[in-house]
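Working through the structure, step by step
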Amino acid sequence: LGAWEWSVLLSLTGTLARVGYICLFALLATAGWFYPSVQYFYLGLAGVAWLLAVAVVIAHPRANFLISPRAVIGLLGLVICLGAWSALLLLRAEEHGAHWVMWLLVLCWAADIGAYFAGRAIGRRKLAPSVSPGKTWEGAIGGAVLAVAVCGGLILYSGYWQAAWLPLIVLLVAVSVFGDLFESVLKRLSNIKDSGSLLPGHGGILDRIDSILAAAPAFALLAQLFSGVVA
């Protein structure tokens, strides 16, 4: 569904073209399912794609030319969605993998909820006004605080707590924020408000999973680079 909505971001209007795009994604995702080594390849590509995405968000709108071509947006969509898919598969394959996948989802949800309420209550300083005027520094900090409280508490309860978890959670929250901001950049380039209408009143599927698309590869990469992070 996310790939279907991404086809709108690259201005594919014909049904056949959009179906072709998601079929290509499905084919590549299936290859990752049957050949685990491909998952690492997708994950590495996603890491590079998100470095580009972060640079575009920070330098917006000066760096928009890097992703303006439709072919680039289409390629980024495949790489980012495949990276998140592969990240979830790799995390699920870890010991207690289902718990770690749920922990990651809770982290993203807590960050979004904390940012929403903190931003509404005390939000003053704009985080990225040219990208998403509604987001504030106070909201981002509120999201990080709630994520640390909830996900740090879960880690502590599970007996896995180490000092390194605090900066890790904050880092994942920051990455999730960039996921949200990058989608906002793409929507501005495409002149659309919501990624889709599959969730009435909530926008599209991408609007709900944009933070997960960024945070999942980051967490999986850290888990692979530092085997002690996920045990």
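Residues numbered from 1 in each chain as written. Predicted model: local features only at pLDDT ≥ 70, side-chain atom pairs only at ≥ 80, totals over all residues. Heavy atoms only, no water.

**A short note on the overall build of the protein chain**
Here is the rule: The way it works is that DSSP assigns letters per residue, a run of H or I at least four long becomes a helix, a run of E at least two long becomes a strand, and they are numbered from the N terminus. For this measure, only C-alpha atoms enter the radius of gyration; the expected value for a globule follows 2.2 Å times N^0.38, where N is the number of residues. In this analysis, two residues are considered to be in contact whenever any of their non-hydrogen atoms come within 4.5 Å of each other.
Scanning the protein chain for helices and strands turns up eight helices and two strands. Counting from the amino terminus, the protein chain carries its helices and strands in the arrangement α-α-α-α-α-β-β-α-α-α. Rg of the C-alpha trace for the protein chain: 17 Å, near the compact-globule value of 17 Å for 231 residues, within the 12% margin. On the principal axes, the C-alpha backbone points of the protein chain span a range of 50 × 50 × 35 Å. Taking as baseline every contact in the protein chain between residues at least 6 positions apart, the subset at least 24 positions apart corresponds to 68%.

**Section: helix α8 (residues 205–225)**
Selection rule: By this rule the span expected of a helix is its residue count minus one, scaled by 1.5 Å. Remark: exposure states derive from per-residue accessible area (1.4 Å probe, protein chains only) relative to the maximum for the residue type, with buried under 20%, exposed over 50%, and partly exposed in between.
Here α8 contains 21 residues, and its C-alpha end-to-end distance of 30 Å stays within 8% of the 30 Å for a straight helix at 1.5 Å per residue. Most of α8 sits out of view: 16 of its 21 residues are buried.

**Here we look at the packing of helix α7 (residues 165–190) against α8**
Rules: Where helices are involved, their axes are fitted lines through C-alpha atoms of the stretch in contact, as for all axes, and angles between N-to-C directions lie from 0 to 180°. Orientation categories follow fixed angle ranges, with anything under 35 degrees roughly parallel, anything over 145 roughly antiparallel, 65 to 115 roughly perpendicular, and all other angles oblique. The hand of a helix crossing depends on one turn: near helix anticlockwise from the far one by less than a right angle means left-handed, and clockwise means right-handed. Polarity classes work like this: nonpolar for Ala, Val, Leu, Ile, Met, Phe, Trp, Tyr, Cys and Pro, charged for Asp, Glu, Lys and Arg, and polar for all others, with Gly in that last group.
Between α7 and α8, the shortest axis-to-axis distance is 8 Å and the interhelical angle comes to 140°. With respect to their mutual orientation, α7 and α8 come out oblique. Seen from above, α7 lies across α8 with right-handed handedness. Along the contact surface, α7 presents Trp165, Leu168, Leu171, Leu172, Val175, Ser176, Gly179, Asp180, Glu183 and Lys187, while α8 presents Leu206, Asp207, Asp210, Ser211, Ala214, Ala215, Ala218, Phe219 and Leu222. Per-class residue counts for the contact of α7 with α8 are eleven nonpolar, three polar and five charged.

**Quick word on the pairing of strand β2 (residues 132–136)**
Basically, it comes down to this: What makes two strands pair is DSSP finding at least two bridges between them.
Across two bridges, strand β1 (residues 126–128) lies against β2 in antiparallel orientation. Following the sheet pairing, Ala128 is matched in β2 by Ser132. Between β1 and β2, which pair antiparallel and follow one another directly, the connecting turn spans three residues.

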